[in-house]
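Next come the chains, spelled out residue by residue.
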Amino acid sequence: MSTKKNFIVITGGGGGIGMACAKALKGEELFITDYSQEIVDRTVKILKEKGHRVMGAPCDITDKEDVARLKDAVAKQGIFKALVHTAGVSGTVKDLKKVFTIDLVGTELLIEAFHDLAKENTVAVLFSSMMAHAVPPNAQYDPALADPQAAGSFETVSRFVDGSSDTMYNFAKRGVQLLSVKHADAWGAKGARIVTISPGVIETAMAMKAAEEHPERMELIKKMTPLGRNGTPEDVSDVVRFLVSDAARFITATDILVDGGVIHKLRKLG
Ligand SMILES: NC(=O)c1ccc[n+]([C@@H]2O[C@H](COP(=O)([O-])OP(=O)(O)OC[C@H]3O[C@@H](n4cnc5c(N)ncnc54)[C@H](O)[C@@H]3O)[C@@H](O)[C@H]2O)c1
């Protein structure tokens, strides 16, 4: 019998939702990654102090070689059990290319690299956003969103976002959902699953920064939410714990909305 450890890899582990996911997965062997060594060290220290079994390594998810090194580091330590991919940036970075590259290209680099290690019951949970549901299907930009590494994809999508990094974020997050469907057969051939999760407004540093920029929009969203409040990181991490568990064994190539019911209400109102 193998004595190798089964690792759950969490990207963006130093972020609000990444940290909550790590806490929700207590008892599992965790492999935390984030942009810098400093963030990883700080996160691993906090989690170790709380009794988690955790190790980590830095990785810029937009750098293919860095992602390959991360995959090798995980493979060296044990068996790859799950990827919880929370790393990302919002439109507040004001750079269309950065949003597209981090949120979409980086996601596909991780999907491809970790597919090599996937096996029966492995799962990838990728972070999309409720805002992805505000972007309708479209025969012109959807192929570019589903193939973000192809030459010209960024330029094609850019034509539809009116220079807004917030809109590019919404498109990139739709792309994340398209990627899960695109890669589901390859993951399924190994008995592995690939799903997306779409949080609503979750009170983390990322959301608070957006709230500073658009206080009226954030207030309106809260008011319109059927459950009458913003989400907490734990509202999301509890669903992630379910999605990586055997209880979710027949869920793949789909998106799970965790938004208090607001996006479909806003869409209905136009
Ligand atoms: N907070 C919300 O309201 C909300 C809503 C919908 C979707 N989401 C999504 O959930 C995920 C987590 O959000 P959060 O609120 O925890 O954000 P956060 O800003 O707290 O954390 C994001 C993490 O990603 C890391 N990161 C950024 N660029 C990276 C790169 N190139 N390589 C590696 N790591 C990188 C950051 O260092 C940070 O630790 C994101 O994908 C976000 O788009 C968040």
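Quick look at the structure, then. (Residues numbered from 1 in each chain as written. Predicted model: local features only at pLDDT ≥ 70, side-chain atom pairs only at ≥ 80, totals over all residues.)

**Some remarks on the overall build of the protein**
A count of helical and extended segments in the protein gives 11 helices and seven strands. Whereas a compact globule of 270 residues would reach a radius of gyration of roughly 18 Å, the protein reaches 18 Å, a difference of no more than 12%. Dimensions of the protein along its principal axes, counting C-alpha atoms only, are 55 × 40 × 35 Å. Of all 270 residues assigned to the protein, the portion counted as buried reaches 47%. (Helix = DSSP H or I, 4+ residues; strand = E, 2+ residues; numbered from the N terminus. Rg over C-alpha atoms; globule rule 2.2 N^0.38 Å. Buried ≥ 20, exposed ≤ 12 C-beta atoms within 10 Å, placed from the backbone.)

**Points about the site of the ligand**
Taken together, 29 residues surround the ligand, and among them Gly 12, Gly 15, Ile 17, Gly 88 and Thr 204 come closest. Elements supplying a minimum of two residues to the shell around the ligand: α1 (16-24), α4 (96-115) and α8 (205-213). Tallied by class, residues from the shell around the ligand come to 15 nonpolar, 12 polar and two charged. (Near = placed C-beta within 6 Å. Nonpolar A, V, L, I, M, F, W, Y, C, P; charged D, E, K, R; others polar.)

**Digging into unusual backbone geometry**
Residue Lys 94 is not a glycine yet carries a positive backbone phi of 60°. Looking at the secondary structure, you find Lys 94 in the loop between β4 (78-85) and α4. The exposed category is assigned to Lys 94, around which 11 C-beta atoms lie within 10 Å. For Asp 162, which is not a glycine, the phi torsion comes out positive at approximately 55°. By the element assignment, Asp 162 lies in the loop between α6 (153-158) and α7 (165-188).

**Structural notes on the packing of helix α3 (residues 64-77) against α4**
Contact geometry for α3 and α4: axes closest at 10 Å, N-to-C directions at 35°. Once α3 is placed against α4, the crossing between them reads as right-handed. For the pair α3 and α4, contact is made by Lys 64, Val 67, Ala 68 and Lys 71 and by Leu 109, Leu 110, Ala 113 and Phe 114, respectively. Along the lines of polarity and charge, the residues of the contact of α3 with α4 split into six nonpolar, no polar and two charged. (Axes fitted to C-alpha atoms, helices over the stretch in contact; angles between N-to-C directions. Left-handed = near helix turned anticlockwise from the far one by under 90°. Contact = placed C-beta atoms within 7 Å.)

**Considerations on the nonpolar core**
Counting residues in hydrophobic clusters, the biggest one holds 76 residues, and the most contacted among them are Ile 8, Leu 30, Val 84, Ala 124 and Val 125. Ranked by residue count, the leading element in this core is α4, at 11 residues. In this view, Val 125 contacts Leu 83, Val 84, His 85, Val 195, Ile 197, Val 240, Leu 243 and Val 244; residues no more than four positions away in its chain are not counted. (Core = buried A, V, L, I, M, F, W, Y, C linked by C-beta atoms within 7 Å.)

**So, the sheet that holds strand β2 (residues 29-33)**
Reading across from one edge, β3-β2-β1-β4-β5-β6-β7 is the order of the seven strands in this open sheet, with parallel pairing throughout. Single-partner strands in this sheet number two, and they are β3 (53-56) and β7 (255-258). The mean inter-strand angle of the sheet, taken between neighbouring strand axes irrespective of direction, is 25°. The sheet strands contacting α4 are β1 (5-11), β4, β5 (123-127) and β6 (193-199), and the helix crosses β4 at an angle near 160°. (Pairing = 2+ DSSP bridges.)

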